[in-house]
Amino acid sequence: MKKLLSLILALVLTLSLGVAGLANAQEEPIKLIWWVYTTGDALIDTPIVVEAANAYSAEKIGVTIDLIFKTAEQINLGMTTGEYYDITFTCDWCNSFASNAYNEMFYDITDLVQSQTPALYEAIDQTYWDVAASINDRIYAVPTLKDMATMMFFRLDQERYEAIGMELKEKMEFADLEEYLAAYKENYDDVYPLPLGKAGLTGFTNFCQWIAGSYLCSPYDLAGTEMENKIIPFWECEELMNRFRLLHKWYELGYINPDAATTESIGKDVRASVRSGAAWYGYEGWTTYAGYPIFKSNYDGPFISVATTRGAMNAINAACSEENAIAALKYLELLNTDRTFRDILCYGIEGVHFNYLDDGTVLRTEQGKTNWSTDSYVTGSVVNASVESVSEDQRADPNQWERVFEDYENAQVSTLGAFSFDRTPVEAEHAACSAVMEKYVAELYTGTSDIDEVLDTIKAELTTAGYEAVLQEAQAQLDAYLAENAE
């Protein structure tokens, strides 16, 4: 009897250990591989930041990640060779979202994201699910909420302009820049008021959607007019022509460096009175870049198109299991709904890489600036992270993103959808037209040439090169696309 009891107790103990072992195995977090975009090497403090992030996510949702930084070339190579991943960065300009979705490389998350992660689905406006993340009404990625529209700003030397009594305005027209350039030239002689490289002012033509090279476009302001959904040659865009005329005027007045058309770029060491760039209200990165106070004045936008909303997303590997797909969605849900977690991947470890200021904004430490500093959007939605301040004295608006998205309500919205021109049928003509423009674009973008003097020559050369065939093909493709995607 004692022997039988001992056997029973031993069996119970064995079964208990087995059940406990199974429970422990089930409690082990699911580990995912996440490819994150970078322009260079992985950040120095990646191991300790990932360790902190994994400790948090394991406790919250039972999921951890192996964070792998990859350049665009490395991501494309991995996709081509079938290297395994669970989550990957994707957009229009890196790891092509549309191409991979059409080719069924990304997981169709339409049903799972709503049934398994409703908080994630609710956290992102329906517009971005529909416009950015969908192909043929199926969802293949999770949008990264950041600057979702194009807004162009003059980057004005605040210190010098205020010293000479110039009023700086949050909103300007392109032509308004002239009075600032004139005042700068009158008061400072150490640098040209508008120093330019051959590419001209960054993004000053972004008010147009460029369909083919720098010669066929569809300006955003055609939306809502009888010219909506029309592709035009650049000289039919009056605003662009006026900007070329202004640039030439400023060149003639000595505001632009004489060698602009042959200068590769203007380096950081040049204290330019004005530069240009895409940003949003509240963005403070330019002050850090320049080393002196920068005032931002919006002169174009916001403009919204499929391309602007697809600036950054995360997709799930179509080859992964449903269990891993759900785990990936839960991980992205945590990133979009838990600010503490979002801040770890955005800024690093509190007390090591950053500290919170009393207004809730974040201030990076020196270690944070050097060892864990990358574009915030690569590790998740920017709007879900705390806002970064430049210094104790120069603080950002903790609610800046509310202002940004309010501005989007008045944005000019493209009517071209996700249209992308396939140049294959007119590849020879397009190449010839691009070669023509290559001869003139630097001089036009820097004001070196008078557009009214060279336009007839450019038109004649483009006609010979076959631009009309390119225009006809592009318009036919756009018309077909719009008809196919009509509601």
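Check the entry above for the structure.
Read on for an overview of the structure.

Basis of the calculations
Residues numbered from 1 in each chain as written. Predicted model: local features only at pLDDT ≥ 70, side-chain atom pairs only at ≥ 80, totals over all residues. Heavy atoms only, no water. Helix = DSSP H or I, 4+ residues; strand = E, 2+ residues; numbered from the N terminus. Buried < 20%, exposed > 50% of the residue type's maximum accessible area, 1.4 Å probe, protein only. Contact = heavy atoms within 4.5 Å. Lys, Arg positive; Asp, Glu negative; His and termini not counted. Charge placed at Lys NZ, Arg CZ, Asp CG, Glu CD. Core = buried A, V, L, I, M, F, W, Y, C linked by side-chain atoms within 4.5 Å. Salt bridge = Lys/Arg side-chain N within 4 Å of Asp/Glu carboxyl O. Pairing = 2+ DSSP bridges. Axes fitted to C-alpha atoms, helices over the stretch in contact; angles between N-to-C directions. Arc of directions from axis to C-beta. Phe/Tyr/Trp six-rings, centres within 6.5 Å; stacked < 30°, edge-to-face > 60°. Lys NZ or Arg CZ within 6 Å of the ring centre and 35° of its normal. Disulfide = S-S within 2.5 Å. Polar contact = N/O pair within 3.5 Å; in protein donor to acceptor, adjacent residues only side chain to side chain.

## Describing the overall build of the protein
Thought 1: A count of helices and strands for the protein gives 19 helices and 16 strands.
Thought 2: In terms of overall dimensions, the protein has C-alpha extents of about 110 × 55 × 35 Å along its principal axes.
Thought 3: A total of 487 residues make up the protein; the buried ones form 52% of that total.
Thought 4: Pairs at least 24 residues apart make up 76% of the contacts formed inside the protein by residues separated by at least 6 positions.
Thought 5: Averaging the positions of the 32 positive and the 76 negative side-chain charges in the protein gives two centres separated by 5 Å.

## Focus on the nonpolar core
Thought 1: Trp 34 and Trp 129 are the most contacted members of the largest nonpolar core, which has 82 residues in total.
Thought 2: The dominant element in this core, judged by the number of residues it contributes, is helix 13 (residues 322–337), at nine residues.
Thought 3: Not counting residues within four places of it along the chain, the set of residues in contact with Trp 129 comprises Val 113, Leu 120, Tyr 121, Ile 124, Ser 134, Ile 139, Ala 141, Val 142 and Pro 143.
Thought 4: In this structure, Leu 181, Phe 207, Ile 256 and Leu 462 belong to the second largest nonpolar core, which totals 68 residues.

## A short note on the pattern of salt bridges
Thought 1: One pass over the structure, following the stated rule, counts 21 salt bridges.
Thought 2: Here Glu 366 and Lys 369 are joined by a salt bridge, their closest N and O atoms 3.4 Å apart. Pair noted here: Glu 366 and Lys 369 are both in helix 15 (residues 366–371), with a separation of three residues, about one helical turn.
Thought 3: Looking at Lys 369, the relative accessible area reads 44%, which means it is partly exposed.
Thought 4: For Glu 392, the salt bridge goes to Arg 395, with nearest N and O atoms at 2.9 Å.
Thought 5: Each member of the salt-bridge network shares a partner with another, and the members are Asp 358, Asp 359, Glu 392 and Arg 395.

## So, the sheet that holds strand 9 (residues 216–219)
Thought 1: Pairing is antiparallel in the open sheet, where three strands are placed in the order 8-9-10. Of all strands in the sheet, those bounded by a partner on one side alone are strand 8 (208–212) and strand 10 (232–233).
Thought 2: Across two bridges, strand 9 lies against strand 10 in antiparallel orientation. Bridge pairing in strand 10 places Leu 216 opposite Pro 233.

## Let's talk about the sheet that holds strand 1 (residues 30–37)
Thought 1: Strands sit in the order 2-1-3-13-6 across an open sheet of five strands; the sheet is mixed. A single partner strand is all that each edge strand has here, and the edge strands are strand 2 (63–70) and strand 6 (142–143).
Thought 2: Two strands pair when backbone bridges link them, and strand 1 and strand 2 are joined in this way by eight bridges, in the parallel orientation. The residue of strand 2 that forms the bridge with Ile 33 is Asp 66.
Thought 3: In the packing of helix 3 (residues 72–81) onto the sheet, contacts are made with strand 1, strand 2 and strand 3 (87–90), and the angle to strand 1 comes to roughly 130°.

## Notes on helix 16 (residues 400–408)
Thought 1: Restricting attention to buried positions, one finds in helix 16 the residues Gln 400, Trp 401, Val 404, Asp 407 and Tyr 408. Along helix 16, the residues classed as buried sweep out an arc of 120° about the axis, all on the same side.
Thought 2: Structurally, helix 16 contributes buried residues whose contacts are with helix 7 (126–131), strand 7 (150–157) and strand 12 (294–304).

## Considering the packing of aromatic side chains
Thought 1: Evaluation of the coordinates by the stated rule reveals 35 aromatic pairs.
Thought 2: Between Trp 235 and Tyr 467, the aromatic rings sit 5.3 Å apart at their centres with planes inclined by 75°, giving edge-to-face as the arrangement. Taken together, the positions of Trp 235 in the loop between strand 10 and helix 10 (238–252) and Tyr 467 in helix 19 (residues 467–484) put the pair 232 residues apart, joining distant regions of the chain.
Thought 3: Given the relative accessible area of 12%, Trp 235 is considered buried.
Thought 4: With a relative accessible area of 10%, Tyr 467 lands in the buried category.
Thought 5: Connected via pairs of aromatic rings, a cluster forms that spans Phe 154, Phe 174, Phe 204, Phe 234, Trp 235, Phe 244, Trp 250, Tyr 299, Tyr 445 and Tyr 467.
Thought 6: Here the guanidinium or amino end of Arg 271 rests over the ring plane of Tyr 292, the centre of that ring lying 4.1 Å away.
Thought 7: Of note, Arg 403 hangs over the ring of Tyr 281, and the distance from its end group to the ring centre comes to 3.8 Å.

## Examining the pairing of strand 13 (residues 313–316)
Thought 1: Here strand 13 shows a buried face lined by Met 313 and Ala 315 and a second buried face lined by Asn 314 and Ile 316.
Thought 2: Looking at chain direction, strand 3 and strand 13 are connected through four bridges and run antiparallel. Across the sheet, residue Thr 88 finds its bridge partner in strand 13, namely Ala 315.
Thought 3: Here two bridges tie strand 6 to strand 13, and the two strands are oriented antiparallel to one another. Each residue of the ladder has a partner; that of Pro 143, found in strand 13, is Met 313.

## With respect to the environment of Thr 287
Thought 1: Inspection of the secondary structure assignment puts Thr 287 in helix 11 (residues 285–290).
Thought 2: In the structure, Thr 287 is positioned 130 residues away from Asp 157 in sequence and 9.6 Å away in space, judged by C-alpha atoms.

## Here we look at the pairing of strand 11 (residues 274–278)
Thought 1: Among the five residues that make up strand 11, four are buried, leaving the element largely enclosed by the rest of the structure.
Thought 2: Across five bridges, strand 7 lies against strand 11 in antiparallel orientation. Bridge pairing in strand 11 places Leu 156 opposite Val 274.

## Side note on the state of the cysteines
Linking two cysteines covalently through their sulfur atoms gives a disulfide.
Thought 1: Under the criterion given, the structure shown has zero disulfides.
Thought 2: Of the cysteine sulfurs around Cys 94, a residue in no disulfide, the closest is that of Cys 91, at 5.1 Å.
Thought 3: No disulfide involves Cys 217; its sulfur sits 4.1 Å from the nearest other cysteine sulfur, which is in Cys 208.

## Regarding the environment of Ser 381
Thought 1: Here Ser 381 shows up in the loop between helix 15 and helix 16.
Thought 2: Taking the C-alpha atoms as reference points, Ser 381 and Val 142, separated by 239 residues in sequence, lie 9.8 Å from one another.
Thought 3: A polar contact is formed between the side chain of Ser 381 and the side chain of Asn 336, at a distance of 3.1 Å.
Thought 4: A polar contact is formed between the side chain of Ser 381 and the side chain of Asn 384, at a distance of 3.5 Å.

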